[in-house]
Amino acid sequence: MEQLSEKFSPALMIQREIVTGLIEDESLHNNGFWAPRPHIYHASQIGTCLRGQYLKSIMPVKDEDAEGFVSSMLNKRFGRLIHDDLEALLERAVGGEVEVVGHEVEVNLKFGDATLVGRIDALVRINGEQVVVEYKTASHPPEVPYPAHVFQVQAYMAAVGAKYAAIEYFSKGWGGIRGFDVEYDPKFMDLIGERVQALEEAFAKGEAPPRPAVPLEECSWCVYRKMCWGERQDAP
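This one's a predicted model, so the numbers in the text were calculated from it and none came from an experiment.

Chemist: Describe helix 5 (residues 187-205), and please don't skip the residues or the numbers.
Modeler: One turn of the α-helix equals 3.6 residues, which is why residues spaced by three or four share an orientation. With 19 residues, helix 5 ought to run about 27 Å at 1.5 Å a step, and its terminal C-alpha atoms sit 27 Å apart, in line with that. Check the buried side of helix 5 and you find it contacts strand 1 (40-42), helix 2 (50-58), strand 2 (98-111), strand 3 (114-126) and helix 4 (147-160). One or two positions beyond helix 5, positive phi appears at Gly206, with a value near 75°.

Structure below.
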């Protein structure tokens, strides 16, 4: 078989085109609704590290410059594709026990001068009860829902007046599905309010919130982890 010239690599050229497309699509996705704005915070992030949220807003890192860019972008894309497929599957469930009320429902909650915004993956009605549905992809589904995801659906339930939410994890590792029921708990609104206020104060002072006392799991994929932990051995 004839060997290709070192200067001509179809595989490499195709990879470059794919990466260029990933960068362009991610840029479009991050503009508009997801763009950092003063006094605007996202329900999907409010339960995550406050320091990371602050740094992301004041010194955003271009995804193509971040470590593990291609893996990160492909994972995000797989997640969006799964979301689209699940929406279509639910729409087909006409006449069943689950009635679809809406998809990608935009909501907001006011906290003083600040606003918490979000998009509910699906809003359904079951036995007369409105239920918030949040889809998540993970390498391996957790034994209990991640705290940040609980914060997220608590905010969504408060926004639409729902009593119940379902977080559905779709595993990319073993291909399984694991779901968790979450009931509305008003104490989360106080906790979310405290976190929003902490961010508001940080931006007003121009000082990042303190780092966690110990590295968190989310530190392992945070692009700012070396700013917090340097080369510390116990950092993720």
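Chemist: Give me the lowdown on the pairing of strand 4 (residues 129-138), citing residues and values where you can.
Modeler: Extensive coverage of strand 4 is indicated by the burial of seven of its 10 residues. Sheet topology note: the strand 3/strand 4 ladder contains five bridges and is antiparallel. Along strand 4, the bridge assignment pairs Ala122 with Val133. Two successive antiparallel strands, strand 3 and strand 4, enclose a turn made up of two residues, where Asn127 displays a positive phi of approximately 50°. Bridge count for strand 4 against strand 5 (residues 164-171) is eight bridges, and the pairing is parallel. Bridge pairing in strand 5 links Val133 to Ala166.

Chemist: Now, about the side chain of Asp121: what can you tell me, with residues and values included?
Modeler: Considering the arrangement of structural elements, one finds Asp121 in strand 3. Despite its burial, Asp121 pairs with no opposite charge; the closest candidate is Lys136, at 5.9 Å N-O. From its side chain, Asp121 meets the backbone nitrogen of Tyr135 in a polar contact 2.8 Å long. In this view, Asp121 contacts His83, Glu87, Gly102, His103, Glu104, Val133, Glu134 and Tyr135; residues no more than four positions away in its chain are not counted.

The rules behind the values
- Residues numbered from 1 in each chain as written.
- Predicted model: local features only at pLDDT ≥ 70, side-chain atom pairs only at ≥ 80, totals over all residues.
- Heavy atoms only, no water.
- Helix = DSSP H or I, 4+ residues; strand = E, 2+ residues; numbered from the N terminus.
- Expected span 1.5 Å × (residues − 1).
- Contact = heavy atoms within 4.5 Å.
- Buried < 20%, exposed > 50% of the residue type's maximum accessible area, 1.4 Å probe, protein only.
- Pairing = 2+ DSSP bridges.
- Lys, Arg positive; Asp, Glu negative; His and termini not counted.
- Salt bridge = Lys/Arg side-chain N within 4 Å of Asp/Glu carboxyl O.
- Polar contact = N/O pair within 3.5 Å; in protein donor to acceptor, adjacent residues only side chain to side chain.

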